[in-house]
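# Fold and geometry: a report
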Amino acid sequence: MIYNKKPAVIDRMILNSVQRDAILYDGGPQLVFAGAGTGKTRVLTAKIAHLIEKGYRPGQLFAATFTNKAAREMRTRIEGLIDISLDGLWIGTFHSLCARMLRLECRHIGYMPSFTIYDSDDQVSIVKKVLRELDIDDRSIPPRQALGAVSRCKNACITPEEFEKQAKGYYDQEILSVYKLYQKKLREQQGMDFDDLLCNTVYLLRQKPEILQRYQEIFKYILVDEYQDTNVAQFQLIKLLSKKHGRVFAVGDDDQSIYGWRGAQVENILSFEREFPDTKIFKLEQNYRSTTAVLNFANAAIAQNLNRAQKQLWTDRQGGEQVIVNRFRDDRQEAQCVAEKILSSMNGKIAGQDIAVLYRTNAQSRAFEEAFRRARIPYVLVGGIGFYERAEIKDCLAYLRLLVNPKDSVSFERIFNVPSRGLGDKAHESLALVAQNKQCSLLEALLTCDISSLGSRAQKGFSDLKTIFELLIDLEKKGEKPHEILLQVLQLTGYMDMLTADDSEEARGRVENINELVNAMVFWKNENPSKKLFDFLEEVTLISDVDSWNKKENAVNLMTLHCAKGLEFKHVYLVGLEDGILPSRQNTDDERKIEEECRLLYVGATRAMEKLECSHVDQRWRFGDLIPSSPSRFLNAIPENLYVFRDNSNYFGQTAQRNELPSKPVRALNSSATLRTPAAPAKQQQVQRNIPQYDDFSQDTVEFRMGQHIRHKVYGRGRILSISGFGEDMKLTVLFNDGSRKKLMAKFASIE
């Protein structure tokens, strides 16, 4: 009898020579630099299948990924390659693998196996209680800001005791107090947050050598996907588990490290050889996704980074269109023209799901959502919710709806304590009782009742809210423009103060979203001069209903650059490539962050399979005003022969065809040349209010940014919470280390 043995995994797969060598190598630590589109997942899954085929049991492999989706896909692929059950395989996200280990061993660090894992909302709730108990004003240290500081400590495996040794200044001491009490409450409630899952596993293995030794013997091989995204805690875990045998297989790409803001350390992959002696390096550079034109553009973009491993993507794919860089008049024209181009492509039989519009911040989606609705282009927001479904937008609209319909108690209940006015459940109950007795709505009860009857503790909060609505109702009755009423809502309620005091990426994104809402209202009023606030709210309600877009398979994808990582599309539009957006204005004073912003551009460009179009605008709408923009400095570093430049800034028609103009240099922010302001359409000129001149935006007047740490000659060190005005009228709100908050005129402030 002849037994036909099934061919080995390595022989059944189509692999290039570098991929094959990386899979077969078993001589110690190995690092695979896997560039975009070079078959990273194929190599990692084949490596696991090959190890099992060689005799490693699934339970001896520890395979860490960064998403549950990636883990599921890898498991499915491995099962398709081999005929052995994978029940014992430790494959999953770092957090899920650590939770699994802690359920088994957490008694050794004072936890029960049934401990609760708290999500972000739970964390905020606990921190709010901590701040109250410590008598810390949540306006000086907002809950999410405090959580961010604690998270950074945990990601770096810094305990409260270790942080105490390095805490300096008033702010650090406050964070230390929060960190200690927060951890105490977590332990009392037998709870861990997501960061605890990582750092507690590291602490467990450090403190209990016998447990560490057991897991070192269990796991014969450590495999890590997306190694460039690991933080200190994850690196320490890998180091501990692999110390005895040194068998580490890490796959990653430093050029795609884009999560520094949440603790990822690109240095982990760049220092791999130093941390793991006798490492064998493999570089996957053959790209199977993109055309030569796209790769040349992407390679040139990332080449300007200094802190990177040298590699160059290449492909043997033939054909493909040249990369295009478009210049537009403003972000509204940008969205309109992109929509026209996409509509033309879809009429040319390119499916919507093969097209993506990529941007730096969620706020940028609003203009494209509206342009797509007008053009009847189905779309899907990937990794996000619709613009008008976002919490901060719903809050703003709730205030406005109450001006039109005071009986709308659903809207009232949403905002009666947003921002916080000290109105809790008891205050709500007292007002609801008055409304019941008067047989009216909650807002009507507030406006007509004796405030003193609502309880002493709630008097100030209700009194402030009553005054706010009296002023807003008066504005609406006088026929004030909708966007002007919204600006008054933001000012009177302190909503913007609440967001700008929270120095987090999430809060900055929410500010940008509100800015986009103001812009939308300006445009709407400009196009509908005779309509009122009621009409705007009705239109918003109708366009928020996306039930008609049920054919997701033909929907264009709108997403941030962060969300696009790991995906690919035939046609990609990279929009908003301007200084202040990419790179983000928050990151322009830090060279490490600048390089991460450049990596975002690289990630976006390498999503494109056949066609890549980039765009920047001369002016961008912010809070109802047109503000000048400069092309991204990253574009300036890309040779002009690698793209076609098209100037659309003087285009006002509806035709999709463009006359290609001679290529011209793309100027960076620090260029000595100034941009000329394109003439605004008549309708736009009607709504512009004191548009700042371009001369107001010299380098001298943009030296300050939100979150920047400064030193004042009188008040000492502090942090800028918010900035208002421009040029000579710029004002800074600064929180100083002694806890005081000052408003300063920038030109007179004695800031070093």
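Because the structure is predicted, anything quoted here is derived from the model rather than measured.

Let us look at the overall build of the protein chain. Counting its secondary structure elements, the protein chain contains 30 helices and 20 strands. In the structure as shown, the protein chain presents an accessible area of about 34,100 Å², 48% of it carried by carbon and sulfur atoms.

Reading across from one edge, β3-β2-β6-β7-β1-β8 is the order of the six strands in this open sheet, with parallel pairing throughout. At either margin of the open sheet sits one strand with a lone partner, and together these are β3 (90-93) and β8 (280-284). Averaged over all pairs of adjacent strands, the angle between their axes in this sheet comes to 10 degrees, without regard to strand direction. As paired elements, strand β2 (residues 61-65) and strand β6 (residues 221-224) share four bridges and run parallel to each other.

Time to look at helix α12 (residues 232-242). Counting buried positions over the 11 residues of α12 gives eight, a clear majority of the element. Those residues of α12 that fall on the buried side of the exposure criterion are A233, Q234, F235, L237, I238, L240, L241 and S242. Two or three places before A233, at the opening of α12, N231 has a side-chain oxygen 3.1 Å from that residue's backbone nitrogen.

Grouped together as the largest cluster of nonpolar side chains are 56 residues, with contacts concentrated most on L400, F412, F462 and L517. Looking at which element gives the most residues to this core, the answer is helix α25 (residues 505-527), with nine residues. Grouped together as the second largest cluster of nonpolar side chains are 44 residues, M101, L197, V202 and L204 included.

So, about the packing of helix α3 (residues 40-54) against helix α4 (residues 68-81). In the contact formed by α3 and α4, the axes pass within 9 Å of each other and the chain directions differ by 55 degrees. With respect to each other, α3 and α4 are oriented oblique. Read as a crossing pair, α3 and α4 show a hand that is right-handed. Two secondary-structure elements touch here, α3 through T41, R42, L44, T45, A46, I48 and A49 and α4 through M74, R77, I78 and L81.

Turning our attention to the packing of helix α23 (residues 482-493) against α25. Each packed pair of helices is defined by two parameters, the angle between the axes and the distance between the axes. Following both chains from N to C, one finds α23 and α25 inclined at 155 degrees, their axes separated by 8 Å at the closest point. When the axis of α23 is compared with that of α25, the two are roughly antiparallel. Here α23 contributes P482, H483, L486, L487 and L490 to the contact with α25, which in turn contributes I514, L517, V518, M521, V522, W524 and K525. The residue inventory of the contact of α23 with α25, partitioned by class, reads 10 nonpolar, one polar and one charged.

Relative to the helices and strands, H712 resides in strand β17 (residues 709-712). With a relative accessible area of 8%, H712 lands in the buried category. Discounting residues that sit within four places of it in the chain, H712 has contacts with F736, L744, S750 and I751.

The element β2 is extensively covered by neighbouring structure, given that five of its five residues are classed as buried. The side-chain alternation of β2 yields two buried faces, one formed by L61, A63 and T65 and the other by F62 and A64. Taken together, the four bridges between β2 and β3 define a ladder with parallel strand orientation. Bridge assignment links A63 to a residue of β3, and that residue is I91. Taking the sense of rotation as the criterion, the β-α-β connection linking β2, α4 and β3 turns out right-handed.

This part is about the pattern of salt bridges. Evaluated as defined, the whole model comprises 42 salt bridges. Note that D255 is salt-bridged to R308, the shortest N-O span being 2.8 Å. Remark: R308 occurs in the loop between α15 (292-303) and β9 (324-330) and D255 occurs in the loop between β7 (248-252) and α13 (267-270); sequence separation between them is 53 residues. Assessed through its relative accessible area of 2%, D255 is described here as buried. Take R308: its relative accessible area is 12%, and that puts it in the buried class.

Using the criterion set out here, one finds 17 aromatic pairs in the structure. A centroid spacing of 5.1 Å and a plane angle of 65 degrees characterise the contact between F62 and F219, whose relative ring orientation is edge-to-face. Taken as a pair, F62 in strand β2 and F219 in the loop between α11 (209-218) and β6 lie far apart in primary sequence, 157 residues in all. No difference in accessibility class separates F62 from F219, as the two residues are buried. With a centroid separation of 6.4 Å and 70 degrees between ring planes, the pair formed by W90 and Y215 is classed as edge-to-face. In this pair, W90 sits in strand β3 while Y215 sits in helix α11, placing the two residues 125 residues apart along the sequence. With relative accessibility at 8%, the residue W90 sits in the buried group. Put simply, the rings of F62, W90, Y215 and F219 touch in pairs and so form one group of aromatic residues. For K239, the ring lying beneath its charged end belongs to F276, and the centroid distance is 4.8 Å.

Attention now goes to unusual backbone geometry. The omega angle of the peptide bond from V418 to P419 is -5 degrees, so this bond is cis rather than trans. For P419, the position within the fold is in the loop between α19 (409-415) and α20 (425-438). For the bond from L582 to P583, the omega torsion is 10 degrees, close enough to zero to count as cis. Looking at the element boundaries, P583 is found in the loop between β13 (569-574) and α28 (591-605).

Moving on, we get to helix α16 (residues 331-347). Taking 1.5 Å per residue, 17 residues should reach 24 Å; α16 reaches 24 Å between its end C-alpha atoms and fits that length. With 13 of its 17 residues buried, α16 lies for the most part within the structure. Two or three places before R332, at the opening of α16, D330 has a side-chain oxygen 3.1 Å from that residue's backbone nitrogen. Phi turns positive one or two residues past the end of α16, at K349, with a value near 80 degrees.

What counts, and where the lines are drawn
Residues numbered from 1 in each chain as written. Predicted model: local features only at pLDDT ≥ 70, side-chain atom pairs only at ≥ 80, totals over all residues. Heavy atoms only, no water. Helix = DSSP H or I, 4+ residues; strand = E, 2+ residues; numbered from the N terminus. Areas by Shrake-Rupley, 256 points an atom, 1.4 Å probe, with all protein chains shown as cover. Pairing = 2+ DSSP bridges. Axes fitted to C-alpha atoms, helices over the stretch in contact; angles between N-to-C directions. Buried < 20%, exposed > 50% of the residue type's maximum accessible area, 1.4 Å probe, protein only. Polar contact = N/O pair within 3.5 Å; in protein donor to acceptor, adjacent residues only side chain to side chain. Core = buried A, V, L, I, M, F, W, Y, C linked by side-chain atoms within 4.5 Å. Parallel < 35°, antiparallel > 145°, perpendicular 65-115°, else oblique. Left-handed = near helix turned anticlockwise from the far one by under 90°. Contact = heavy atoms within 4.5 Å. Nonpolar A, V, L, I, M, F, W, Y, C, P; charged D, E, K, R; others polar. Right-handed = clockwise from strand over helix to strand, strands pointing away. Salt bridge = Lys/Arg side-chain N within 4 Å of Asp/Glu carboxyl O. Phe/Tyr/Trp six-rings, centres within 6.5 Å; stacked < 30°, edge-to-face > 60°. Lys NZ or Arg CZ within 6 Å of the ring centre and 35° of its normal. Expected span 1.5 Å × (residues − 1).

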